[in-house]
Amino acid sequence: MAKIICGKTHSAAIRGEVAARIKTDGIKAKLAVVLVGDNPASIVYINMKKKACEEVGLDFELKKLPESATQAEVLALIDEINNDAEITGVLVQQPFPPQLNKDEILSRLDPRKDVDCLNPHNVGLAATGQGKLLPCTPAGCIELLKREGIEICGKNSVIVGRSEIVGKPLALMLLAENATVTICHSRTKNLAEECRRADILVAALGRPKFITADMVKPNAIIIDVGVNRLEGKKICGDVDYDACEKTASHITPVPGGVGPMTVATLMENCVKAWEIQRG
Ligand code: NDP
């Protein structure tokens, strides 16, 4: 039976550290979240972020626009946030409605306030190892491994999924930790074989229970980033947990694994953004 990597516990520890720091240093920081439309999953994620902000002592503000918002309206809101000295962190909740140009919106974010590393300037810094604000979910995965005392250096790491927000940045971060990294995607040939090579297997593809036990090397470490809603609103990951926990040495549950770490890293980034703006 694999050891369960409890993201909830590690997340609580990090949030405790952030809360103590905010109190001791008298940090006055505020996170603004931009939501266009009312995607129910986005609202759930935003409420989790709001709750975490309240717990650690950060101010929070939701900036909402209707589903029909134009590109100009979204950009005007971003400009307003960029120019608001009280707001020290911003993130725009995705997905966007189809009429919006995502790249232009993300490029407009003030890089010093960009707490989920979405602006291409910060993406470039992160890619070259110079980033201070790293993307929350990949940074949370790395932190989870480190806090569990898992050695990353030299490990064969296979990531299934190459998105801009998870797969790609995580690959670079694992590389920076001296792992040997393979990125798989929908066109990968012999996916199961690639996965079986993994000492650290990360599933970030958004397909419920896609990774089955036969794709897992004995004693592999499994990080399940996926969040999939099944019928009846039950949530499951991209890994067939019940089957894979018998093969793996460590495994993250869903919920309670990577998700809480994303929120904890966001809290850390809010403090870092405040520091960056203070010079
Ligand atoms: P995207 O949809 O942006 O990317 C999915 C990736 O998986 C793509 O690269 C795609 O390949 C690949 N993929 C899809 N199907 C297959 C397949 N059958 N075989 C191999 N590769 C495949 O997803 P995200 O990265 O945004 O999210 C991934 C999952 O992680 C989702 O479940 C999401 O909800 C979850 N998530 C969880 C977070 C958390 O905090 N826990 C935060 C962010 C995301 P290709 O590029 O070829 O299309």
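Here's a quick rundown of the structure. (Residues numbered from 1 in each chain as written. Predicted model: local features only at pLDDT ≥ 70, side-chain atom pairs only at ≥ 80, totals over all residues. Heavy atoms only, no water.)

**As for the overall build of the protein**
- In terms of regular secondary structure, the protein is built from 10 helices and 11 strands.
- Scaling as 2.2 N^0.38, a compact globule of 279 residues should have a C-alpha radius of gyration of about 19 Å, and the protein matches this with 19 Å.
- Reported as C-alpha extents along the three principal axes, the dimensions of the protein are approximately 50 × 45 × 40 Å.
- Buried residues in the protein amount to 48% of all 279 residues.
- Taking the contacts inside the protein whose residues are at least 6 apart along the sequence as the reference set, 70% of them involve residues at least 24 apart.
- Element-wise, carbon and sulfur atoms account for 53% of the exposed surface of the protein, whose accessible area totals about 13200 Å². (Helix = DSSP H or I, 4+ residues; strand = E, 2+ residues; numbered from the N terminus. Rg over C-alpha atoms; globule rule 2.2 N^0.38 Å. Buried < 20%, exposed > 50% of the residue type's maximum accessible area, 1.4 Å probe, protein only. Contact = heavy atoms within 4.5 Å. Areas by Shrake-Rupley, 256 points an atom, 1.4 Å probe, with all protein chains shown as cover.)

**Remarks on the site of the ligand**
- The environment of the ligand is formed by 22 residues, the closest being Arg162, Ser163, Ser186, Val227 and Thr262.
- Separating an oxygen atom of the ligand from a side-chain N or O atom of Ser163 is a distance of 2.5 Å.
- The fraction of the free accessible surface of the ligand (920 Å²) that becomes covered by protein chains is 72%.
- Residue contributions to the shell around the ligand peak at three residues, all from helix α10 (residues 258-278).
- Counted by class, the shell around the ligand contains 10 nonpolar, 10 polar and two charged residues. (Near = heavy atom within 4 Å. Polar contact = N/O pair within 3.5 Å; in protein donor to acceptor, adjacent residues only side chain to side chain. Nonpolar A, V, L, I, M, F, W, Y, C, P; charged D, E, K, R; others polar.)

**Side note on the sheet that holds strand β4 (residues 89-92)**
- Pairing is parallel in the open sheet, where three strands are placed in the order β3-β2-β4. The open sheet has two free edges, formed respectively by β3 (59-65) and β4, since each of these has just one partner strand. Neighbour-to-neighbour, the strand axes of the sheet open up by a mean angle of 20 degrees, direction not taken into account.
- As judged from the four bridges shared by strand β2 (residues 30-36) and β4, these two strands associate in the parallel manner. Opposite Val33, over in β4, you have Leu91 as the bridge partner.
- Across the sheet, helix α2 (residues 40-56) touches β2, β3 and β4, and the angle it forms with β3 is around 160 degrees. (Pairing = 2+ DSSP bridges. Axes fitted to C-alpha atoms, helices over the stretch in contact; angles between N-to-C directions.)

**Overview of helix α6 (residues 136-147)**
- Along its 12 residues, α6 runs 16 Å from first to last C-alpha, staying within 8% of the 16 Å computed at 1.5 Å per residue.
- Across the 12 residues of α6, nine count as buried, placing the element largely inside the fold.
- By the burial criterion, the buried members of α6 are Cys136, Thr137, Pro138, Ala139, Gly140, Cys141, Ile142, Leu144 and Leu145.
- Of the surrounding secondary structure, the elements contacted by the buried residues of α6 are α1 (7-25), α7 (167-176), β7 (200-203), β8 (221-224) and α10.
- Just beyond α6, the residue with positive phi is Gly149, at close to 75 degrees. (Expected span 1.5 Å × (residues − 1).)

**A word on the pattern of salt bridges**
- Taken as a whole, this structure holds 19 salt bridges when the rule is applied.
- Taking the shortest distance from any N to any O, the salt bridge between Glu148 and Lys3 comes out at 2.6 Å. Of the two residues, Glu148 sits in the loop between α6 and β5 (156-160) while Lys3 sits in strand β1 (residues 3-4), which places them 145 residues apart along the sequence.
- Under the relative-accessibility criterion, Lys3 is labelled partly exposed at 44%.
- When the shortest N-O distance is used, the salt bridge between Glu80 and Lys63 registers 3.5 Å. Taken together, the residues Glu80 in helix α3 (residues 71-82) and Lys63 in strand β3 connect sequence positions 17 residues apart.
- Accessibility expressed as a relative area gives 48% for Glu80, which makes it partly exposed. (Salt bridge = Lys/Arg side-chain N within 4 Å of Asp/Glu carboxyl O.)

**Considerations on the packing of α6 against α10**
- Relative orientation of the contacting elements α6 and α10 amounts to 110 degrees, with a least axis distance of 8 Å. Here α6 is positioned roughly perpendicular relative to α10, judged by the angle of their axes. Taking contact as the criterion, the partners of Cys136, Thr137, Ala139, Gly140, Cys141, Glu143 and Leu144 in α6 are, on α10, Val258, Met261, Thr262, Thr265, Leu266 and Asn269.
- Class assignment for the residues of the contact of α6 with α10 results in seven nonpolar, five polar and one charged. (Parallel < 35°, antiparallel > 145°, perpendicular 65-115°, else oblique.)

**A look at the side chain of Thr252**
- Looking at the element boundaries, Thr252 is found in the loop between β11 (250-251) and α10.
- There is a polar contact of 2.8 Å between the side chain of Thr252 and the backbone nitrogen of Asp224.
- Apart from residues lying up to four places away in sequence, Thr252 is in contact with Ile5, Leu144, Ile222, Ile223, Asp224, Tyr241, Gly257 and Val258.

**A look at the packing of α2 against α10**
- For the pair α2 and α10, the least separation of the axes is 10 Å and the interaxial angle reads 50 degrees. As the angle between them shows, α2 and α10 are arranged oblique. α2 and α10 meet at a crossing whose hand is right-handed. Packed against α2, whose contacting residues are Met48, Lys49, Ala52, Cys53 and Val56, the element α10 presents Val263, Leu266 and Met267 at the interface. (Left-handed = near helix turned anticlockwise from the far one by under 90°.)

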